[in-house]
Amino acid sequence: MLSPSSPSAVVSALRAAGCVFAEDEAELILATARSAEELTSMVDRRVAGLPLEQVLGWAEFHGLRIHVEPGVFVPRRRTEFLVGQALAQAPDASVVVDLCCGSGALGAALAAALDGAEVHAADIDPAAVRCARRNLAPFGGRAHEGDLYDALPSHVRGRVGVLMANVPYVPTAEVPLLPAEARDHEPLVALDGGADGLDVLRRVAAGAREWLAPGGCLLTETSERQAPAAVEAFADAGLTARLMVSEELYAHVVIGELP
């Protein structure tokens, strides 16, 4: 077992494990650990390849500290662009839904920005739902376990102003090519989007009209390569679709409005 006795020892251990930002990571780990034993455990887990956010127990997202448990999808910084687009599209939304919610980071970010909004999150993974409940609790939001719309309470049907779905969109054949941190330590259900990566996106788009309020919008993240097919899927579902891109974050968000 590694026994880091100093900040330099922590940096050295992380650097030897291939952590590119060893100094920054060491600073976060040292600030989070509450004892020498916990410090040793955290460094050992990071050296073993766990994502830094799972080691720390939190991720910074859209100005919030989001609780992240082992085995739960880590919110990506690029997904902050999706949140920004949702707020720009519907700044007065009173009902928000976060499908495929993972940690509930998107729902929590909108709940923090939209004072008093009714926020619901849903995921098929029980670990994700537990995590999302913790992150949504300060805002009065609720997380539900189940497959996409099946998890939602019926009273929000036709009332949703913002429907966010950070769906899995990695094509099945490309999952083995992902970085080990994602491939080995995040749930496959949060990564694998089927043969072309768009299976879940199509299901979300197909069911959106039933849940959106008049003028409501569906937003989802996709890749540059998949964007044209994703826009087409939204249009096929009867939504007015367009693509928004952040070059800085390399983020691609499809927005579909209910006419």
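What counts and how
The numbering scheme is per chain: residues are counted from 1 as the chain's sequence reads. pLDDT decides what is reported in this predicted model: residues at 70 or higher carry local features, side-chain atom pairs at 80 or more are listed and counted, and totals for whole chains, interfaces and linings draw on all residues regardless. The side-chain values count all of the structure's non-hydrogen atoms but skip hydrogen atoms and water molecules. Only DSSP runs of H or I with at least four residues qualify as helices, and only runs of E with at least two residues qualify as strands; both kinds are numbered from the N terminus onward. C-alpha atoms define the radius of gyration, and 2.2 Å times the number of residues to the power 0.38 defines the globule rule. To sort residues, take the accessible area from a 1.4 Å probe on protein chains only and compare it with the maximum for the residue type: under 20% means buried, over 50% means exposed, and anything in between is partly exposed. Residue contacts follow a heavy-atom distance rule, with two residues in contact if any of their heavy atoms lie within 4.5 Å. Accessible surface is estimated by sampling points in the Shrake-Rupley manner with a 1.4 Å probe; for residues, cover comes only from the protein chains shown. For two strands to pair, DSSP has to find at least two bridges joining them. Here, axes are lines fitted to C-alpha atoms. For helices the fit covers the stretch in contact, and angles between N-to-C directions go from 0 to 180 degrees. By the definition adopted for this analysis, an angle is roughly parallel if under 35 degrees, roughly antiparallel if over 145, roughly perpendicular if from 65 to 115, and oblique otherwise. Helix crossings fall into two classes, left-handed where the near helix is turned counterclockwise from the far one by less than a right angle and right-handed where it is turned clockwise. Among buried residues, those of type Ala, Val, Leu, Ile, Met, Phe, Trp, Tyr and Cys that are joined through side-chain atoms within 4.5 Å constitute a nonpolar core. This arc is built from the directions going out from the helix axis to the C-beta atoms.

### Some details on the overall build of the protein chain
Okay, step 1: Across its full length, the protein chain holds 10 helices and 9 strands.
Okay, step 2: Here the C-alpha atoms of the protein chain give a radius of gyration of 19 Å, agreeing with the 18 Å that 2.2 N^0.38 yields for 259 residues.
Okay, step 3: Once the C-alpha set of the protein chain is aligned to its principal axes, its extents read approximately 60 × 40 × 30 Å.
Okay, step 4: Relative to its 259 residues, the protein chain shows a buried fraction of 54%.
Okay, step 5: Partitioning the intrachain contacts of the protein chain with sequence separation of at least 6 by distance along the chain shows that 62% fall at a separation of at least 24.
Okay, step 6: Total accessible area on the protein chain stands at roughly 11,600 Å², and carbon and sulfur atoms take up 53% of it.

### Comments concerning the sheet that holds strand β6 (residues 160-165)
Okay, step 1: Across the sheet, which stays open at both edges, the 7 strands sit in the order β5-β4-β3-β6-β7-β9-β8 with mixed pairing between neighbours. The sheet is open, and its two borders are formed by β5 (142-145) and β8 (240-246), each paired with just one other strand. Direction aside, neighbouring strands of the sheet carry axes that sit 20° apart on average.
Okay, step 2: Of the strand pairs in this sheet, strand β3 (residues 95-99) and strand β4 (residues 118-123) are connected by 5 bridges, and their pairing is parallel. By the bridge assignment for β4, Leu99 is matched with Ala122.

### Some words on the packing of helix α1 (residues 7-16) against helix α2 (residues 22-32)
Okay, step 1: One way to put it is that α1 packs onto α2 with a least axis distance of 9 Å and a crossing angle of 125°. Taken as axis vectors, α1 and α2 run oblique relative to one another. The way α1 lies across α2 gives a crossing that is right-handed. Between α1 and α2, the contacting residues are Pro7, Val10, Val11, Leu14 and Arg15 on the first element and Ala22, Glu23, Glu25, Ala26, Ile29 and Leu30 on the second.

### Notes on the nonpolar core
Okay, step 1: Phe61, Ile66, Val96, Leu110, Val162, Met164 and Leu219 are the most contacted members of the largest nonpolar core, which has 35 residues in total.
Okay, step 2: For this core, the element with the most residues is helix α6 (residues 105-113), which contributes 6 residues.
Okay, step 3: With near-sequence residues (within four places) excluded, Met164 lies in contact with Leu82, Ala86, Val96, Val97, Asp98, Leu99, Leu106, Gly107, Leu110 and Leu219.
Okay, step 4: Grouped together as the second largest cluster of nonpolar side chains are 30 residues, Cys100, Leu198, Leu212 and Ala230 included.

### A word on α2
The α-helix advances 3.6 residues per turn, and as a result positions three or four apart in sequence lie on the same side.
Okay, step 1: Residues of α2 that are buried include every one of Ala22, Glu25, Ala26, Ile29 and Thr32, and no others. The buried residues of α2 all sit within an arc of 135° when viewed along its axis, so they share a single face. Opposite its buried face, α2 presents the exposed residues Glu27 and Ala31, each directed more than 90 degrees away.
Okay, step 2: Buried residues along α2 sit in contact with α1, α3 (36-47), α4 (52-56) and β1 (58-61).

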